[in-house]
Amino acid sequence: MNIGVDFRMGGTRGAGIGRYVFELLKAELEQDKTDKFYIFYNDNAAPEDLTLLDEYLNVELIKVDARHYSLKEQTTFLRVLNSLPLDIVHFPNFNHPIWYKKPFVVTIHDMVHHRISGHKKSRWLQFKAYQMEMEHAILSSKAIITPSEASREDVAHYFPSALERTAVIYEGVSVQVQPEERVAEVKRQFLLNRPYFLFVGTLERKKNIVGLAQGFDKLIEKYNLNVDLVFAGKPDAHYPEEKFKALSVKHADHIVFTGYLRDEDLSALFQGAHAYASASLNEGFGLPGVEAMHFGLPLAVANTSVFNEIYDDAAVYFDPNDPDDIAEKLRLLAQDRQFYEHRQEKAAQRALFFDWDTAARETLALLKVAAGRLEPVVVEQGELVPEM
């Protein structure tokens, strides 16, 4: 079977979707040595990632000069896809050529831009393109992957007819344990001399970093705790002011922004942290929290359906719009040793539930069913690929 994979957002240098594509594809290639993989990439791909993928004998790397939301995505990329004998294509995000008529599977991570306005009004044209591509991806795909049941329900809310074609496949996690010397070095680099709560992710508006900073500020003000809050991730290019709003709190001297970090440095920050915290308003999965659990960190997070599904009892939950509630839940992890150790134990147990090998096995099965090469099968989260 000939499988196409859109790797234009993939790679170790990217967060979120980039990490998802890279880790999933690596695991798929380890499991599937017989099918041919056509991997489409552009200038965003890291050379070291392409070198790794090129080592697999059943891989053909194809450079496509077509960025997301571009005219070339709808023309150049379309011509490349149509020129190849592809049985199925996996688009790991909704961006795709809307005139592509052969079978494809799409991953829909969340419906955040349907729920929360995304870019500023100056990006109106891009928002309309998003709506068009999202609708076509959901309604025209052979099957849809979501990373959580919460995301599956979100897709069904806006596109009820898609429910029976939507499969939940949890993401995995790959962590790199660093030597203690590296952990100490990274803490010195960012002057982290106090215990700290850690948030990881792009500083998008939906992540509600301002709300988290305000809740943390209440923690310092009310309980006089000597702790820090670390935001690890690059700013949102559309809303760079979010960082400065977060730094407008009274105790901003207890808040640290690291910017983009290499995997090794990020792992070191996880290892050195006291706990993980996120007040994000909308997520499809919440990969950084799963990574935190793999490092044995308990979590304090927003009380949303997806976080409850993914983190279960490894986390304590707060109202993301209530700074006092955020402060109280952070305090529990900072001061109540028994409560902290219980959540820490649950985090280590819950982390075992997520791995890329399982995600790859289920995704490969879905692709083969969508291409007509395999009968539908059933997995724990629900029907992997319904009758089509």
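This text follows the structure it describes.
A brief look at the structure comes next.

Rules used in this analysis
- Residues numbered from 1 in each chain as written.
- Predicted model: local features only at pLDDT ≥ 70, side-chain atom pairs only at ≥ 80, totals over all residues.
- Heavy atoms only, no water.
- Salt bridge = Lys/Arg side-chain N within 4 Å of Asp/Glu carboxyl O.
- Helix = DSSP H or I, 4+ residues; strand = E, 2+ residues; numbered from the N terminus.
- Buried < 20%, exposed > 50% of the residue type's maximum accessible area, 1.4 Å probe, protein only.
- Core = buried A, V, L, I, M, F, W, Y, C linked by side-chain atoms within 4.5 Å.
- Contact = heavy atoms within 4.5 Å.
- Polar contact = N/O pair within 3.5 Å; in protein donor to acceptor, adjacent residues only side chain to side chain.
- Pairing = 2+ DSSP bridges.
- Axes fitted to C-alpha atoms, helices over the stretch in contact; angles between N-to-C directions.

1. Digging into the pattern of salt bridges
- Within the structure shown, the criterion is met by 24 salt bridges.
- Its salt-bridge partner being Asp 263, residue Arg 19 comes within 2.6 Å of it at the nearest N-O pair. Linking Arg 19 in helix H1 (residues 17–31) with Asp 263 in helix H11 (residues 263–272), this pair joins segments that are 244 residues apart in sequence.
- When its relative accessible area of 11% is taken as the criterion, Arg 19 is described as buried.
- Connected via shared salt-bridge partners are Arg 182, Glu 185, Arg 262, Glu 264 and Asp 265.

2. As for the nonpolar core
- If you look at the biggest cluster of nonpolar residues, it comprises 72 residues, and the most contacted ones within it are Phe 197, Phe 231 and Tyr 311.
- For Phe 231, the residues in contact, after removing those within four places along its chain, are Phe 199, Leu 203, Ile 209, Leu 212, Ala 213, Ile 255, Val 256, Phe 257, Thr 258 and Gly 259.
- Core analysis: the second largest hydrophobic core is formed by 33 residues, Leu 29, Trp 356, Ala 359 and Leu 364 among them.

3. Details of the environment of Ser 141
- Mapped onto the elements, Ser 141 comes out in the loop between helix H6 (124–140) and strand E6 (143–146).
- In the structure, Ser 141 is positioned 101 residues away from Phe 40 in sequence and 19 Å away in space, judged by C-alpha atoms.
- If we ignore the near neighbours within four places in the chain, the residues touching Ser 141 are Phe 104, Val 106, His 136 and Arg 165.
- In terms of polar contacts, Ser 141 uses its side chain to reach the backbone carbonyl oxygen of Ala 143, at 3.5 Å.

4. Looking at the sheet that holds strand E2 (residues 36–41)
- Taking strand neighbours across the sheet as the criterion, the seven strands line up as E3-E2-E1-E4-E5-E6-E7 in an open arrangement whose pairing is parallel. In this open sheet, the two strands that pair with only one neighbour each are strand E3 (59–63) and strand E7 (166–168). Geometrically, the sheet is characterised by an average inter-axis angle of 20° between neighbouring strands, direction not taken into account.
- Bridging between strand E1 (residues 2–6) and strand E4 (residues 88–91) involves three bridges; their strand directions are parallel.

5. Details of the sheet that holds strand E8 (residues 196–200)
- Ordered in space as E10-E9-E8-E11-E12-E13, the six strands form an open sheet in which the pairing is parallel. Sheet topology places strand E10 (255–259) and strand E13 (315–318) at the edges, where each strand pairs with a single neighbour. Each adjacent strand pair in this sheet contributes to an overall mean axis angle of 25°, direction not counted.
- Bridge count between strand E9 (residues 228–232) and E10: four bridges; the pairing is parallel. Bridge pairing in E10 links Leu 229 to Ile 255.
- Sheet strands in contact with helix H12 (residues 287–294) are E8, strand E11 (275–278) and strand E12 (299–302), and its direction is about 170° off that of E11.

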